[in-house]
Amino acid sequence: VQLQASGGGLVQAGGSLRLSCAASGRTFSNYHMGWFRQAPGKEREFAAAISWSGGSTSYADPVKGRFTISRDNAKNTVYLQMNSLKPEDTAVYYCAADPTTYKVLSATDSRYNSWGQGTQVTVSS
């Protein structure tokens, strides 16, 4: 599956952004989907994941309660709604597809075999 992320930008602390990731090439609903992020000088880290049906979600502790992952299988798109943004949320955000559809969502990037190109999110203080 090919992935195209969009929606990044510059926002002030406390603001909101919604990222989108459009999929093409394979049956989107066959995949769990995840969002990861990589800040300058840091390793890529897990942010959120959603099951193929949308019925199950998982969040990293730093974003829990502020970010919401969702998907629309009819539109082949996964979203990341980011509220109450903080300067430490500044990073390149990547969407990724996990083809395993195991019951437990993965927070490790090794399970994801397709990645979008990334979209920059910058939060100013």
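Residues numbered from 1 in each chain as written. Predicted model: local features only at pLDDT ≥ 70, side-chain atom pairs only at ≥ 80, totals over all residues. Heavy atoms only, no water.

1. Concerning unusual backbone geometry
Step number 1: Phi is positive for N76, close to 55°, though the residue is something other than glycine.
Step number 2: Phi angles above zero are rare outside glycine, and S84 is one such case at about 50°.
Step number 3: Tracing the backbone shows S84 in the loop between β8 (77-82) and β9 (91-98). (Helix = DSSP H or I, 4+ residues; strand = E, 2+ residues; numbered from the N terminus.)

2. Quick notes on the packing of aromatic side chains
Step number 1: Enumeration over the complete set of coordinates arrives at four aromatic pairs.
Step number 2: With 5.6 Å between their ring centres and 75° between their planes, F36 and F46 make a pair best called edge-to-face. One end of the pair, F36, is in strand β4 (residues 32-38); the other, F46, is in strand β5 (residues 45-50), with 10 residues separating them in the sequence.
Step number 3: Look at F36 and you get buried, because its relative accessible area is 2%.
Step number 4: For F46, a relative accessible area of 11% puts it in the buried group. (Phe/Tyr/Trp six-rings, centres within 6.5 Å; stacked < 30°, edge-to-face > 60°. Buried < 20%, exposed > 50% of the residue type's maximum accessible area, 1.4 Å probe, protein only.)

3. Let's talk about the nonpolar core
Step number 1: L3, M33, W35, V78, L80, M82 and Y93 are the most contacted members of the largest nonpolar core, which totals 28 residues.
Step number 2: At the level of elements, β1 (2-6), β3 (17-24), β4, β5, β7 (67-72), β8, β9 and β11 (119-124) are the ones that each hand at least two residues to this core.
Step number 3: F46, A60, A96 and Y112 belong to the second largest nonpolar core, which has seven residues in total. (Core = buried A, V, L, I, M, F, W, Y, C linked by side-chain atoms within 4.5 Å.)

4. What about the state of the cysteines?
Put plainly, a disulfide is one covalent bond tying together the sulfur atoms of two cysteines.
Step number 1: One pass over the full model with this rule turns up one disulfide.
Step number 2: Each sulfur of the disulfide joining C21 and C95 lies 2.1 Å from the other. The S-S bond linking C21 to C95 shows a torsion near 65°; that makes this disulfide right-handed. Of this pair, C21 sits in strand β3 while C95 sits in strand β9; the two residues are 74 residues apart in sequence, bridging distant segments of the chain.
Step number 3: By relative accessible area, which is 0% here, C21 ends up buried. (Disulfide = S-S within 2.5 Å.)

5. Some remarks on the environment of G55
Step number 1: Counting through the fold element by element, G55 comes out in the loop between β5 and β6 (57-59).
Step number 2: Exposure remark for G55: the relative accessible area of 69% places this residue in the exposed category.
Step number 3: Taking the C-alpha atoms as reference, G55 lies 9.9 Å from R71; in sequence the two are 16 residues apart.

6. Details of the pattern of salt bridges
If charged atoms from side chains of opposite charge come close, those side chains can pair.
Step number 1: Inspection of the entire model under this criterion finds six salt bridges.
Step number 2: The partner of E45 in a salt bridge is R37, and the shortest N-O contact between them spans 2.7 Å.
Step number 3: On the basis of relative accessible area, R37 is assigned to the buried category, the value being 6%.
Step number 4: Across the pair D109 and R44 runs a salt bridge whose closest N-O atoms are separated by 3.2 Å. Placement of D109 in the loop between β9 and β10 (114-115) and of R44 in the loop between β4 and β5 is noted, with a sequence separation of 65 residues between them.
Step number 5: Its relative accessible area of 31% is what places D109 among the partly exposed residues.
Step number 6: The structure contains a network of salt bridges with shared partners spanning R37, E45, R66 and D89. (Salt bridge = Lys/Arg side-chain N within 4 Å of Asp/Glu carboxyl O.)

So far we have only geometry, and geometry alone does not tell us how the molecule works.
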